Amino acid sequence: MRRAFLCLFASVLLAAGMPQRVVSQALGTDELLLALADRGQIAALSHLATDPKFSPVVQEAAAYPRLKDSDAESVLRHRPDLVLMASYTRAETRALLQRSGVRVVVLERFDTFEDLCANARIVGEALGRRARAEQVVAAWRARVDALAARLKRAAPVRVIAPSTYGFLAGRDTTFDDVCRHAGAHNVAAEAGLQGHAPTPSEAMLGWRIDALVISDDERGDIAGRLAELPPYKFLAATKAKRFVRISGPAMASISQARLDAYEQLARALHPERFR
Amino acid sequence: MIAARKLHVEGRLAEVSLELPTGCLAAVLGPNGAGKSTLLQALAGLLPAEGEVAWRGEDLRRIPYLERARILAWVGQESHADFGFPVREVVAQGRFAYGDDGRGVDEALAAFDLAHLADRAVTRLSGGERRRVFLARALATGAPLQLWDEPTSHLDVRHGLEVLELANGLKAKGATVLMSLHDLRAAQCFDRVLVLHKGACVGSGAPEAVLTPELLLEVFGVRARRDADLILELPR
Amino acid sequence: MSGRGLALLLALLALALLAALVFGEVRLAPGEIWDVLNGHGDATARTILLDFRLPRALVAMAVGAALACSGVLMQSFFRNPLASPGLLGVSSGGALGAVLAFAFGWASTSLWALPLASIAGAFLATVAVIALAREGASTEHLLLAGVALNALFGAGTSFVLTLKAGHFEEGGQILFWLMGGLESRTWEHVWISLPGVVLACLLVLPSARALNLLAMGEQGAQSLGVNVRRLRWELILLSTVLTALATAVGGVVGFVGLIVPHLLRLAFGPDHRRLLPLSMLGGAAFVLACDLVARTMPGQLRLGVVTALAGGPFFLWMLKRGGRS
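Quick summary incoming for the structure in this document. Note that this is a predicted model, so its numbers are computed, not measured. (Residues numbered from 1 in each chain as written. Chains lettered and ligands numbered in written order. Predicted model: local features only at pLDDT ≥ 70, side-chain atom pairs only at ≥ 80, totals over all residues.)

Describing the nonpolar core
Inference 1: Leu265 of chain A, Ala136 of chain B together with Cys69 and Leu288 of chain C are the most contacted members of the largest nonpolar core, which has 225 residues in total.
Inference 2: Residue contributions to this core peak at 20 residues, all from helix 3 (residues 43-78) of chain C. (Core = buried A, V, L, I, M, F, W, Y, C linked by C-beta atoms within 7 Å. Buried ≥ 20, exposed ≤ 12 C-beta atoms within 10 Å, placed from the backbone. Helix = DSSP H or I, 4+ residues; strand = E, 2+ residues; numbered from the N terminus.)

Re the interface of chain B and chain C
Inference 1: At the junction of the two partners, chain B supplies 25 residues and chain C supplies 21 residues.
Inference 2: Elements with a contribution of two residues or more to the side of chain B that touches chain C: helix 1 (36-44), helix 2 (65-71), strand 6 (72-75) and helix 3 (87-92) of chain B. (Contact = placed C-beta atoms within 7 Å.)

Description of unusual backbone geometry
Residues and elements named next belong to chain A.
Inference 1: Look at the link from Pro230 to Pro231: it is a cis peptide, with omega at 5°.
Inference 2: Within the fold, Pro231 resides in the loop between helix 10 (222-226) and helix 11 (236-239).
Inference 3: The phi angle at Arg79 is positive, at roughly 45°, despite the residue not being glycine.
Inference 4: Looking at Arg79, the number of C-beta atoms within 10 Å reads 11, which means it is exposed.

Remarks on helix 14 (residues 272-296) of chain C
One turn of an α-helix holds 3.6 residues; hence residues three or four places apart share an orientation.
Inference 1: With 25 residues, helix 14 of chain C should reach 36 Å at 1.5 Å per residue; the first-to-last C-alpha distance of 35 Å fits that figure.
Inference 2: Taking burial as the measure, the 25 residues of helix 14 of chain C include 22 buried ones, the bulk of the element. (Expected span 1.5 Å × (residues − 1).)

Some thoughts on the pairing of strand 3 (residues 24-29) of chain B
All names here are of chain B.
Inference 1: In terms of burial, strand 3 is largely enclosed, as five of its six residues are buried.
Inference 2: Pairing of strand 3 with strand 8 (residues 176-180), which is carried by five bridges, proceeds in the parallel orientation. Its bridge partner lying in strand 8, Val28 is registered against Ser180.
Inference 3: By the bridge criterion, four bridges tie strand 3 to strand 9 (residues 192-197) in an arrangement that is parallel. (Pairing = 2+ DSSP bridges.)

Re the sheet that holds strand 1 (residues 2-9) of chain B
Within a beta sheet, neighbouring strands are joined by backbone hydrogen bonds and run either parallel or antiparallel to one another.
Residues and elements named next belong to chain B.
Inference 1: Taken together, four strands build an open sheet; the order of strands is 2-1-4-5 and the sheet is antiparallel. Both outer strands of the open sheet, strand 2 (13-20) and strand 5 (58-59), are each paired with one neighbouring strand and no more.
Inference 2: By the bridge criterion, five bridges tie strand 1 to strand 4 (residues 50-55) in an arrangement that is antiparallel. When the bridges of strand 4 are listed, His8 appears paired with Glu50.
Inference 3: Packing of helix 1 onto the sheet brings it into contact with strand 1, strand 2 and strand 4, and relative to strand 1 it is tilted by some 120°. (Axes fitted to C-alpha atoms, helices over the stretch in contact; angles between N-to-C directions.)

Digging into the pairing of strand 8 of chain B
Residue and element names in this part refer to chain B.
Inference 1: With five of five residues buried, strand 8 is to be regarded as a mostly interior element.
Inference 2: The alternating pattern of strand 8 places Thr176, Leu178 and Ser180 and Val177 and Met179 on opposite faces, both of which are buried.
Inference 3: The pairing of strand 7 (residues 145-148) with strand 8 spans four bridges and is classified as parallel. The residue of strand 8 that forms the bridge with Leu145 is Thr176.
Inference 4: Remark: the strand 7/helix 6 (residues 157-172)/strand 8 crossover connection has right-handed handedness. (Right-handed = clockwise from strand over helix to strand, strands pointing away.)

Looking at helix 12 (residues 228-250) of chain C
Inference 1: Taking 1.5 Å of rise per residue, the 23 residues of helix 12 of chain C would be expected to cover 33 Å, and the 32 Å separating its terminal C-alpha atoms lies within 8% of that figure.
Inference 2: Two residues or fewer after helix 12 of chain C comes Gly251 of chain C, characterised by a positive phi angle close to 70°.

Details of the sheet that holds strand 2 (residues 42-44) of chain A
Residue and element names in this part refer to chain A.
Inference 1: A sheet is described by the order of its strands in space; here four strands give the open sequence 2-1-3-4, paired in parallel fashion. Strands with a single pairing partner mark the edges of an open sheet, and in this sheet they are strand 2 and strand 4 (103-107). When the angles between neighbouring strand axes are averaged without regard to direction, this sheet yields 30°.
Inference 2: Sheet topology places strand 3 (residues 82-86) next to strand 4; five bridges connect them, and they run parallel. In the sheet register, Met85 faces strand 4, and the bridge partner there is Val106.

The following block contains the structure:
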């Protein structure tokens, strides 16, 4: 009885103030949490937070506990008072966490830079760190504007993001957003592909492609494999080995690490603007 | 002529010997599980058996398959079919060892009253009709040694009698016909009977000498009584 | 009858091949195709026809002919019209072998490593089926053995792929090997499959007459002069190799070995002298047509899905009829 009372008391106190035990369930929310929260507020980061293959925040994340897995039980073990997740988390995990009574904030959109800024504000609000969120967003905007200034009136380079697994990034993908900020033109989006769409084979031969953007996280020699895989093997850009390598975690990021991808791609495609 | 010496299949056939001259109609008798089918299969070389089988003094089982198929024809007890070959094609299979020359196929069809069914799929026949198809196939081989496993089971009275008459006709042409039978009365008119009991041969010779009331009681568990009887035969 | 069936299927195959060359993502005018076939035409059209559509069509034909022929052989071996490489798990075994060859890097050492590994996997499956369900085995027995083996090999394939493949590739690779597909086929795949399939098909043909006898019963066939032991070895060897070659280049494509022989048996009778060549042609035309549907329909259907959509209901219908042809 007394214990129940104490619990109630504690939760009333916490609801009034800032969350003290925040768990981030996805990589994207890890980035935001690390950027916005006080050290003491972070209870745990996602299970991928220190995996160099996927995470852009390996070093910062090493100081914090991490989830064992991405499921609801792993999250609840840390007795969170706030859980940050992304909309691509499995629906049943979300439902379980929401039913358990924990406050859950779900980020829904990550397609554009404006989405990222909005997400930062949402998380800042939930953490009670509104001012810090505004600072962070302003800093990002400054970076993006600086990049845009450098690339002003640069002719966009025509690129695609090939994969060995039969899909291509079209419109409304993070790759499309990266292109827009890096002085590149996503040919797949121009050809009408929506989201991650199956790779067209014959039609691609008619596309004008200057370079192929690959992420450097994929194991093995992806450029070598593309050079043997139809339809890529028949593209002039492949034959001329015009591959551009971008950090995989940055390219796939749904948070601020994507700014690194903007800059990396811009540097690779427009080296003359960075002298 | 065929001679088998000490044919032995572990657990099924115990050192059975037999000798049949050319032009002979012989029956293998015995209750269920006595080893009749095993004996016929062993003679045909269809299952591994110890002992010897000689055809005209030659080791039958060392004769290559194709040549052996010109010497003996075997008809199994099962006449089940999974694939719907037409009757004529199945009967024509009897000529496999002769490069499918098709000789004697029509005669074999006629002999087993199958001419009107020649184009029907064997899967669409009754059990008895299918049995006749397999017998006709064996007949079409023209082999001088015919080994038939219960050829009359599933057959109606008339077709059963016809099979026996056909066997007699083959014998007259110099063939050796050995069949397993359950009909002890039909066996009375065979040249030779061989009685198997629990895998062993318990009697061999002319039917009237072998099928004594004592043997019938011991082997088949029936009491034999000669009496006025209903006789069924083919009309002349 | 035989000549008419052969002519009909040859015409169907030619039609399917023509369609496979003419239709695709990119619309090519008949004139352009004609130019390319005569050694002219512009580079893009040449690449599309000669490096995309032609090798893919040839691989489709090899896969179809191999699976249909293999189905006929397995049906003879088990004397059950429902036996076929997909249902018995032989395709899955071949896929596991191929995936292992990929995962451990043997596939890149030689052109032959992949088909050989696939053949080894398929043999493992064949041996298991034979051990579980002997010849003339009941349909239930065969199908249950197949269900178990398909599950087992499928799980093995998925496991190896999740263990070894790059993270982003897993999904696509598992899909390819478990559901079959002919996307991104190159001339290399043609050389892996087509010569072997043609050779095995030619080796099968002389046994057609003996297969007829075998179909009517094993002992009967032997008494009529068929060397049944040798014939059965040939059947196992050739049907497994054919399935493995098909699987090595196309993944698990189900139902071809079931539907094609069955339909042709219904139309032209069970005589293997007709059935074998007809099945090879029919299988090639069927897979070509299914692949055409798979690649031209919106939504990117997979070849294995198309054959299953065509074959699944058919199979259930056969099962209801008792599987007799």
